[in-house]
Amino acid sequence: MTVPSVAPSPGSSTPDALSPYTRMVAAGRGDGSPSSPVNPPITMTSTYRGQGTFSPGDHVYARSSNPSWEPFEEVLAGLEGADVPAVLFSSGMAAISAAVQVCAPEGSRLVVPQVAYNTSVALFDDLESRGRYRVDRIDFTDTDTVVAALGEDGDRPAASLIWLESPSNPMLEVLDLPRILEAARAAGTTSVADNTFATPLGARPLSRGADVVVHSVTKFLAGHSDVVLGAVVPSTAALREELVGHRTMHGAIAGPFEAWLALRGVRTLGVRFDRAQANAAELARRLHDLPTGVGVRYPGLPDDPHHALAVRDLDGFGAIVTLDLGDAAVADRVVEATRLWVPATSLGGVESLLERRRRHAVEPAVVPEGLIRLSVGIEDVEDLWSDLSRAIEVARGEV
Ligand SMILES: *Cc1c(COP(=O)(O)O)cnc(C)c1O
């Protein structure tokens, strides 16, 4: 019998041929030596024994490195098709902040979407108001405008960085990534893709030419709403070195136990995501078919404005659905009336969550007041449907 070699030194001998469903289970299990644990231990230490000179790869101090981070970093890199390990951070926002600061020199120009994860949008606003970057906000569904915004133009310097989120949070816009990434490359603009919504099962932006991928590991990757973590997946060893240096200096490191929880979570990403995605597709179809229509958005619906791009570029339509009740009060009543769905922010856990997004003051104003974001979990779809459809009837005074 041949055992797939999944060595702990990432990129060295992990066979490309392994399916992601196998990789997420098999990678990051150490060197396979006799008596070694099947699951990597949690290393609770702040420092490591040593004296005299350092050898490459030595662990010295636990802000710089912790063996507890490595298995997850290896698994995620494998899933994203990266040649170097991912870099784990204390949260998705820590990862995003590090990616921006490492990829874009102070004073340079960033091209960012008008709608994206609200705290990413807030971060770009904050960096601009502190005078650290020039920020151009574009409607990213208009690919021509995005492409035109990248290069040098008169006094305008080429953009140093373009921020990509596809599908976007919460508007579920699917971007024309191949065209945008090609234009970014031509303009010398570093491209960073937040792949939290798609997960590596739905999209692998590095394989399309993106320079960097970021994740809120908090969401689908860890998958149980019990941990806050983030990761950057760089495409080159040079970028990785800079990101690790940034993490060591700025100190936004992952706790060893959190890293272990994320590893445990990502082992089941395949079965969780497939199930959540199937539930989401079914719920989107039923919501769409309600006689008194609510505005439903799901890239898998044939009449969704982003369906064609999603079919072309994604390997799945994801587990997030939005409905627009047209009115904040009605939307609030839907959220209130559910019993099984959990009213909470966040997404990507095994349990289904729902939230009216504009309850957050930082949510971009282009998101409709009555929009509810559904993060569809892995429960029985009939139970999810009866709870949600009843809540919609209650909220509209139909029962
Ligand atoms: C949640 C989220 C983030 C932020 O991640 P945290 O782990 O909460 O810091 C970034 N991007 C997207 C798309 C998200 O959904």
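Our structure's up above, just so we're on the same page.
This write-up is about the structure you can find in this document. Every chain is numbered on its own, with residues counted from 1 as its sequence reads. Totals for whole chains, interfaces and linings use every residue, but because this is a predicted model, local features are given only for residues with pLDDT of at least 70 and side-chain atom pairs only at 80 or more, for both listing and counting. Only hydrogens and water are removed before side-chain values are computed, so all heavy atoms of the structure are retained for them.

### Section: the overall build of the protein chain
Then step 1. In this text, helices come from DSSP runs of H or I with a minimum length of four residues, and strands from runs of E with a minimum of two, each type numbered from the N-terminal end. A tally of regular secondary structure across the protein chain gives 13 helices and 12 strands.
Then step 2. The globule rule used for comparison is 2.2 Å times the number of residues to the exponent 0.38, while the radius of gyration itself is calculated over C-alpha atoms. Expected size for 399 residues packed as a compact globule is a radius of gyration near 21 Å; at 22 Å, the protein chain falls within 12% of this value.
Then step 3. Dimensions of the protein chain, computed from C-alpha atoms along their principal axes, come out at roughly 75 × 60 × 35 Å.
Then step 4. Burial status across the protein chain gives 54% buried among its 399 residues.
Then step 5. In short, Shrake-Rupley with a 1.4 Å probe defines the accessible areas, and a residue's cover is counted only from the protein chains shown. Counting every atom, the protein chain has about 16900 Å² of accessible surface; 54% of that belongs to carbon and sulfur.
Then step 6. Looking at the protein chain, you have 34 positive and 51 negative side-chain charges, and the mean spots of the two groups are 3 Å apart. Buried, partly exposed and exposed residues are distinguished by accessible area as a fraction of the type maximum, computed with a 1.4 Å probe on protein chains only: under 20%, between the cut-offs, and over 50%, respectively. His residues and chain termini do not enter the charge count, which takes Lys and Arg as positive and Asp and Glu as negative. The atoms used to mark charge sites are NZ of Lys, CZ of Arg, CG of Asp and CD of Glu.

### Points about helix H3 (residues 92-103)
Note on helix geometry: an α-helix contains 3.6 residues per turn, so any two residues three or four positions apart are oriented the same way.
Then step 1. Helix span, as expected, comes to 1.5 Å for every residue beyond the first. Helix length check: H3 (12 residues) gives 16 Å between terminal C-alpha atoms against 16 Å at 1.5 Å per residue, within 8%.
Then step 2. Within H3, 10 of the 12 residues are buried, which leaves it mostly tucked inside the rest of the structure.
Then step 3. All buried positions along H3 are accounted for by Gly-92, Ala-94, Ala-95, Ile-96, Ser-97, Ala-98, Ala-99, Val-100, Val-102 and Cys-103.

### A few points about the site of the ligand
Then step 1. Nearness of a residue to a molecule or strand requires only that one of the residue's heavy atoms be within 4 Å of it. Every one of the 14 residues lining the ligand counts as a neighbour, but Met-93, Asp-194, Ser-216, Thr-218 and Lys-219 are closest to it.
Then step 2. Counted as a polar contact is a pair of N or O atoms within 3.5 Å, where, for protein atoms, one must be capable of donating a hydrogen and the other of accepting one, and residues adjacent in sequence contribute only when both atoms are in side chains. With respect to the ligand, the side chain of Asp-194 contributes an N or O atom lying 2.7 Å from a nitrogen atom.
Then step 3. Between the ligand and the protein, one listed contact pairs an oxygen atom with a side-chain N or O atom of Thr-218 at 2.6 Å.
Then step 4. About the coverage of the ligand: the protein hides 92% of its 380 Å² of free accessible area.
Then step 5. With three residues, H3 is the largest single contributor of residues to the shell around the ligand.
Then step 6. Residue composition of the shell around the ligand, grouped by class: six nonpolar, six polar and two charged. Ten residue types, Ala, Val, Leu, Ile, Met, Phe, Trp, Tyr, Cys and Pro, are classed as nonpolar, four, Asp, Glu, Lys and Arg, as charged, and the remainder, Gly among them, as polar.

### As for the packing of H3 against helix H4 (residues 118-129)
Then step 1. For the pair H3 and H4, the least separation of the axes is 11 Å and the interaxial angle reads 40°. Put simply, H3 runs oblique to H4. Of the two possible hands of crossing, H3 and H4 adopt the one that is right-handed. In this structure, H3 contributes Met-93, Ile-96, Ser-97 and Val-100 to the contact, and H4 contributes Thr-119, Ser-120, Leu-123, Phe-124 and Leu-127.
Then step 2. For the contact of H3 with H4, the residue count by class is six nonpolar, three polar and no charged. For helices, the axis comes from a line fit to the C-alpha atoms of the stretch in contact; other axes are also lines fit to C-alpha atoms, and the angle between any two N-to-C directions lies between 0 and 180 degrees. The labels follow the angle: roughly parallel below 35 degrees, roughly antiparallel above 145, roughly perpendicular from 65 to 115, and oblique for the rest. Working rule for handedness: look at the near helix, and if it is turned counterclockwise from the far one by less than a right angle, call the crossing left-handed; if clockwise, right-handed. Should any heavy atoms of two residues lie within 4.5 Å, those residues are counted as being in contact.

### Quick notes on a nonpolar patch on the surface
Then step 1. Among the surface-exposed residues, Ile-42, Met-44 and Phe-257 lie close enough to one another that they form a single nonpolar patch of about 310 Å² accessible area.
Then step 2. Mapped onto the secondary structure, Ile-42 falls in the loop between helix H1 (20-26) and helix H2 (70-80). Within this analysis, patches are made of residues with over 30% relative accessible area and no salt bridge. Like charges are joined at 9 Å or less; nonpolar side chains (Val, Leu, Ile, Met, Phe, Trp, Tyr) at 5 Å or less. Here a salt bridge means any side-chain nitrogen of Lys or Arg lying within 4 Å of a carboxyl oxygen belonging to Asp or Glu.

### A short note on the pairing of strand S7 (residues 230-234)
Then step 1. Counted residue by residue, S7 has five buried out of five residues, so it is predominantly covered.
Then step 2. Strand pairing requires that DSSP identify at least two bridges connecting the strands. Sheet topology note: the strand S1 (residues 87-89)/S7 ladder contains three bridges and is antiparallel. Bridge pairing links Leu-88 to Ala-231 in S7.
Then step 3. Note: strand S6 (residues 212-216) against S7, five bridges, orientation antiparallel. Looking at S7, one finds that Ser-216 is bridged to Gly-230.

### Let's talk about the pattern of salt bridges
Then step 1. Within this structure, the stated rule accounts for 27 salt bridges.
Then step 2. A salt bridge links Arg-130 to Asp-126; the shortest N-O distance between them is 2.9 Å.
Then step 3. We note a salt bridge from Arg-356 to Asp-332, for which the minimum N-O separation is 2.9 Å. Remark: Asp-332 occurs in helix H12 (residues 328-337) and Arg-356 occurs in strand S11 (residues 353-356); sequence separation between them is 24 residues.
Then step 4. The class of Arg-356 is buried, set by a relative accessible area of 10%.
Then step 5. Owing to a relative accessible area of 31%, Asp-332 belongs among the partly exposed residues under this scheme.
Then step 6. Through salt bridges that share partners, Glu-282, Arg-285, Arg-286, Asp-289 and Glu-382 make up one connected network.

### Quick notes on the pairing of S6
Then step 1. For S6, a buried count of five out of five residues is recorded, marking the element as mostly surrounded by other parts of the structure.
Then step 2. Here S6 shows two buried faces, one formed by Val-212, Val-214 and Ser-216 and the other by Val-213 and His-215.
Then step 3. Where strand S5 (residues 190-194) lies against S6, three bridges are found, and the strand directions are parallel. Across the sheet, residue Ala-193 finds its bridge partner in S6, namely Val-213.

### Some details on the sheet that holds strand S4 (residues 161-165)
The strands making up a sheet associate through hydrogen bonds between their backbones, and the pairing can be parallel or antiparallel.
Then step 1. A sheet is described by the order of its strands in space; here seven strands give the open sequence S1-S7-S6-S5-S4-S2-S3, paired in mixed fashion. The open sheet is flanked by S1 and strand S3 (134-138), the only strands paired with a single partner. Going from strand to strand, the sheet's axes swing by 20° on average, the running direction of each strand aside.
Then step 2. Here H4 sits on the sheet and contacts strand S2 (109-113), S3 and S4; the angle it forms with S3, its principal contact strand, is near 145°.

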